[in-house]
Amino acid sequence: MHALGEIDRMASALGVPDSTRETAGAVYRRALRDGLLPGRAVESVATAALYAASRMDGVPRSIDEVSTVSRVEQIRVERAYRHVSRELGLEIAPTDPRSFIGRIASDVGCTDTIEREARRLAGTAVENGVHSGKHPVGIAAGALYAAAKRCDESLRQTDIAHAADVSEVTIRNRYPEILAAADTEDV
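Residues numbered from 1 in each chain as written. Predicted model: local features only at pLDDT ≥ 70, side-chain atom pairs only at ≥ 80, totals over all residues. Heavy atoms only, no water.

Asks: Tell me about the nonpolar core, and name the residues and values.
Replies: I104, L144, L155 and I160 are the most contacted members of the largest nonpolar core, which has 34 residues in total. If you list the elements that add at least two residues to this core, you get α6 (98-108), α7 (112-127), α8 (136-150), α9 (157-164) and α10 (168-186). With 10 residues, α8 is the largest single contributor of residues to this core. Dropping the residues within four chain positions of it, L155 is found in contact with V108, C110, I114, L144, Y145, A148 and I160. V16, Y51, V69 and V77 belong to the second-largest nonpolar core, a separate cluster that totals 30 residues. (Core = buried A, V, L, I, M, F, W, Y, C linked by side-chain atoms within 4.5 Å. Buried < 20%, exposed > 50% of the residue type's maximum accessible area, 1.4 Å probe, protein only. Helix = DSSP H or I, 4+ residues; strand = E, 2+ residues; numbered from the N terminus. Contact = heavy atoms within 4.5 Å.)

Spelled out as structure tokens, the structure:
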């Protein structure tokens, strides 16, 4: 009961839909039934279950965001997530960076033109494998900055980094890769 209450509390703080809360509850109950909890805090497994459910249901929440509303350290959530997803054999596709662009764009107040271009650039980056092994939020932030550059509009790396909760260095590293992938696609 404590774990399900934690899942509800965190899901509420993140604005996660009820269906995802139910999925998280089911993942937690499976982990409990399969004996995956010994040696792990209830809160870390509950948080891992919510993160897994958000990915399974296509509700874009980064592990950073989920860990922020959790009562345990992020490293413990990451370990619990890897353990639970591996042991339960959860089918979780890599997160598409495009799913984060809308929220970041809204937070920085950019135009629809930049947002559309950012989605296109992120899609091209995904098709060319630029996203492989990289944080999807960083790719989304880099695509937004690259789109602003291409559209000759002013968006500051600082503002995007703050909205996306990534470093400016991440944006500086990602946007040239994204532009290079788009340039090879445009040729």
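Asks: Outline the environment of G102, supporting the account with residue identities and numerical values.
Replies: Along the chain, G102 falls in helix α6. When the C-alpha positions of G102 and R119 are compared, they lie 8.8 Å apart, and in sequence the two are 17 residues distant.

Asks: Tell me about helix α3 (residues 42-56), residues and numbers included.
Replies: If you check α3, its first and last C-alpha atoms are 21 Å apart, about what 15 residues at 1.5 Å a residue would give, namely 21 Å. For α3, a buried count of 11 out of 15 residues is recorded, marking the element as mostly surrounded by other parts of the structure. Looking only at α3, the buried set comprises S44, V45, A46, T47, A48, A49, L50, Y51, A52, A53 and S54. Taken from the residues just after α3, G58 is the one with a positive phi, measuring 70°. (Expected span 1.5 Å × (residues − 1).)

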